[in-house]
Amino acid sequence: MAELQRCYRHPDRETGVSCSDCGRGICPDCMVFGPVGIRCPDHSGQLRGAAKAMQRVQRRSGRNPGLVTKALIGVNVGIYLLQLAGGASVNANSGWIFEHAALFIERIGSSGDLVGLAHGEWWRLLTAAFLHYGPIHLGMNMLALWWIGRPLEDWLGPLRYLLLYAVAGIAGSAGALIANPTAVTVGASGAIFGILGAAIVLERQQTYVLGGSAITLLVVNLAFTFAVPGISIGGHLGGLAGGALAILALSQFGKRSAVYSRIDLVSIASLMAVGIVSVAVAYWKVRGYT
Ligand SMILES: [Zn+2]
Ligand SMILES: [Zn+2]
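Worth saying up front: this structure is predicted, and the values here are computed from it rather than measured.

Colleague: Would you mind going over the overall build of the protein chain with me for this structure?
Modeller: The helix and strand inventory of the protein chain stands at 10 helices and 6 strands. Computed over its C-alpha atoms, the radius of gyration of the protein chain comes to 21 Å, within 12% of the 19 Å expected for a compact globule of 290 residues. Each of the three principal axes of the protein chain carries a C-alpha extent, and together these read 75 × 35 × 35 Å. A burial count over the protein chain gives 46% of its 290 residues as buried.

Colleague: Any chance you could explain the coordination of the zinc ion (ligand 1) here in plain terms?
Modeller: Reference values for coordination geometry: four tetrahedral donors around a metal ideally subtend 109.5 degrees, six octahedral donors ideally subtend 90 or 180 degrees. Taken together, the protein donors to the zinc ion (ligand 1) comprise Cys-19 (SG), Cys-22 (SG), Cys-40 (SG) and His-43 (ND1), at separations of 2.1 to 2.4 Å. For the zinc ion (ligand 1), the 4 donor atoms in the first shell make angles of 96 to 129 degrees at the metal, so the coordination geometry reads as tetrahedral.

Colleague: So what exactly am I meant to see when it comes to the coordination of the zinc ion (ligand 2) here?
Modeller: Protein coordination at the zinc ion (ligand 2) comes from Cys-7 (SG), His-10 (ND1), Cys-27 (SG) and Cys-30 (SG), with a distance range of 2.0 to 2.3 Å. In this structure, the zinc ion (ligand 2) is coordinated by 4 donor atoms arranged in tetrahedral fashion, with angles at the metal of 98 to 115 degrees. Going along the chain, you hit the donors of the zinc ion (ligand 2) in the pattern C-x2-H-x16-C-x2-C. Here Cys-7 is found in the loop between β1 (5-6) and β2 (14-15), whereas its partner Cys-30 is found in the loop between β2 and β3 (32-34), with 23 residues between them in sequence.

Colleague: Could you clarify how one ought to interpret the pattern of salt bridges in this entry?
Modeller: Pairing is possible between side chains of opposite charge, provided their charged atoms come close. Enumeration over the complete set of coordinates arrives at 7 salt bridges. In this structure, Arg-13 and Asp-29 form a salt bridge, with 2.9 Å as the shortest nitrogen-oxygen distance. You can see Arg-13 sitting in the loop between β1 and β2 and its partner Asp-29 sitting in the loop between β2 and β3, a full 16 residues away along the chain. Between Arg-150 and Asp-154 there is a salt bridge whose closest N-O contact spans 3.2 Å. Taken as a pair, Arg-150 and Asp-154 lie in helix α5 (residues 135-156) at a separation of 4 residues, close to a single helical turn. A network of salt bridges, in which partner residues are shared, links Arg-9, Arg-24 and Asp-42.

Colleague: Looking at this model, I keep getting lost on the packing of helix α2 (residues 67-85) against α5. Mind explaining?
Modeller: Between two packed helices, what matters for the description is the angle formed by their axes and the separation of those axes. Where α2 contacts α5, the axes come no closer than 9 Å and their chain directions differ by 170 degrees. Accordingly, the angle class assigned to the pair α2 and α5 is roughly antiparallel. Here Leu-67, Val-68, Thr-69, Lys-70, Leu-72, Ile-73, Asn-76, Val-77 and Tyr-80 of α2 come into contact with α5, specifically with Pro-135, Leu-138, Met-142, Leu-145, Trp-146, Gly-149, Arg-150 and Glu-153. Grouping the amino acids of the contact of α2 with α5 by side-chain chemistry returns 11 nonpolar, 3 polar and 3 charged.

Colleague: Would you take a moment to explain the confidence of the model for the protein chain for this structure?
Modeller: The predicted coordinates ought not to be read in detail in places where the model reports low pLDDT. The share of residues in the protein chain with pLDDT of 70 or more is 92%, and the mean pLDDT across the chain is 91. Predicted confidence in the protein chain is weakest over helix α1 (residues 47-61), with a mean pLDDT of 56, and strongest over helix α4 (residues 124-127), with 98.

Colleague: I tried to follow the nonpolar core on my own but got confused; where do I start?
Modeller: Generally speaking, soluble globular proteins have nonpolar side chains that are buried together. Core analysis: the biggest nonpolar cluster contains 62 residues, and Leu-145, Leu-152, Tyr-161, Tyr-165, Ile-195 and Ile-247 have the highest contact counts within it. Mapped by element, the contributors of at least two residues to this core are α2, α3 (96-101), α5, α6 (158-179), α7 (189-204), α8 (214-227), α9 (233-250) and α10 (265-289). Among the elements that make up this core, the one with the highest residue count is α7 (10 residues). Not counting residues up to four positions away in its chain, the partners in contact with Ile-195 are Leu-145, Ile-148, Gly-149, Leu-152, Tyr-161, Leu-164 and Tyr-165. Core analysis: the next-biggest nonpolar cluster, separate from the first, contains 11 residues, Leu-125, Ala-128, Ala-174 and Ala-282 among them.

Colleague: What am I meant to see in a nonpolar patch on the surface here?
Modeller: Nonpolar side chains collect at one region of the surface, where Ile-136, Met-140, Val-220, Phe-224, Val-228 and Ile-231 lie side by side and expose about 550 Å² of accessible area between them. Those elements giving two or more residues to the nonpolar patch turn out to be α5 and α8. As for its placement among the helices and strands, Ile-231 is situated in the loop between α8 and α9. A residue is classified by how much of its surface remains accessible, and Ile-231, at 30% relative accessible area, is partly exposed.

Colleague: How do you make sense of the packing of aromatic side chains when you look at a structure like this?
Modeller: Two descriptors summarise a pair of aromatic rings, namely the distance from one centre to the other and the angle between the planes of the rings. Inspection of every chain in the model, using the stated rule, returns 4 aromatic pairs. Both rings, one in Tyr-8 and one in Tyr-260, keep their centres 5.8 Å apart while their planes meet at 90 degrees; by these two values the pair is edge-to-face. Of the two residues, Tyr-8 is situated in the loop between β1 and β2 and Tyr-260 in the loop between α9 and α10; the sequence distance between them amounts to 252 residues. With a centroid separation of 6.4 Å and an interplanar angle of 90 degrees, the aromatic rings of Trp-155 and Tyr-260 are classed as edge-to-face. Placement of the pair is Trp-155 in helix α5 and Tyr-260 in the loop between α9 and α10, with a sequence separation of 105 residues. These aromatic residues form a ring-pair network of at least three members: Tyr-8, Trp-155 and Tyr-260. Sitting over the face of the ring of Tyr-260, Arg-9 holds its NZ or CZ atom 4.1 Å from the ring centroid.

Colleague: How do you make sense of the side chain of Glu-121 when you look at a structure like this?
Modeller: Mapped onto the elements, Glu-121 comes out in the loop between β6 (114-115) and α4. For Glu-121, the side chain forms a polar contact with the side chain of Arg-124, separated by 2.5 Å. With near-sequence residues (within four places) excluded, Glu-121 lies in contact with Val-115 and Gly-116.

Analysis parameters
- Residues numbered from 1 in each chain as written.
- Chains lettered and ligands numbered in written order.
- Predicted model: local features only at pLDDT ≥ 70, side-chain atom pairs only at ≥ 80, totals over all residues.
- Heavy atoms only, no water.
- Helix = DSSP H or I, 4+ residues; strand = E, 2+ residues; numbered from the N terminus.
- Rg over C-alpha atoms; globule rule 2.2 N^0.38 Å.
- Buried < 20%, exposed > 50% of the residue type's maximum accessible area, 1.4 Å probe, protein only.
- Donors = N, O, S within 2.8 Å, 3.2 Å for Na, K, Ca; no water.
- Tetrahedral: all angles 85-135°; square planar, octahedral: opposite > 155°, others 65-115°.
- Salt bridge = Lys/Arg side-chain N within 4 Å of Asp/Glu carboxyl O.
- Axes fitted to C-alpha atoms, helices over the stretch in contact; angles between N-to-C directions.
- Parallel < 35°, antiparallel > 145°, perpendicular 65-115°, else oblique.
- Contact = heavy atoms within 4.5 Å.
- Nonpolar A, V, L, I, M, F, W, Y, C, P; charged D, E, K, R; others polar.
- pLDDT = per-residue confidence, 0-100.
- Core = buried A, V, L, I, M, F, W, Y, C linked by side-chain atoms within 4.5 Å.
- Patch = residues over 30% accessible without salt bridge, like charges linked within 9 Å, V, L, I, M, F, W, Y side chains within 5 Å.
- Areas by Shrake-Rupley, 256 points an atom, 1.4 Å probe, with all protein chains shown as cover.
- Phe/Tyr/Trp six-rings, centres within 6.5 Å; stacked < 30°, edge-to-face > 60°.
- Lys NZ or Arg CZ within 6 Å of the ring centre and 35° of its normal.
- Polar contact = N/O pair within 3.5 Å; in protein donor to acceptor, adjacent residues only side chain to side chain.

In structure tokens:
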């Protein structure tokens, strides 16, 4: 008797057939018939199936594969260089950009006025993700972004990937505010943990965006988070939760595939809702603090 499972590309379809190579469920639309059995499009081994899959990835990433990841790295590095050019020290923890973009609830600004989230400067929830405390912090985050973000961009396409990055960045800020409301937090790691969280959910849904290594990467990164002093634990966990929720929203909580489905209004709106909830959590935390 065949066990009934769901098509990994169409989770709303039940099927009794699975790929003879990887064992994942495949619906009639996704079955590729070969001399040695029925296989999924990823393992069909036929030029037609493989070429089709490649074509789809190429179409999704457009003419410039990895463009969003490259642009994000460019912006992060560019902002750090601007801070140095503006006279900030190598740790980049002072100056106009830092004062106006870092994440904190309330501080005395250079003009003597109070500044921060408590004074309506909500853009800090996102802008803090583009600042770093020096070249090591910046370099580690950009390496992680290249390793984890670059493959995910291919799978998700530039729009869903960029939105997910922004939502996870905001969720990371909300997490940082919950864990340590008096801290001054900067860095892309919340957003990067969000991408990792999304990869874990996708791999749980049998779409192996990081070749099946997402959980291992998470364990290594969480070990770092808790072992190295001065790392924003709340920011990392907030980003991780935000990214996982964002991809669940994109897949309409498992009803469709976040990768193989078309981009539609409902899933994009659900993704945005995760960002709005993150802002609401931050708002609630700031109001409770002041
Ligand atoms: Zn397969
Ligand atoms: Zn299918």
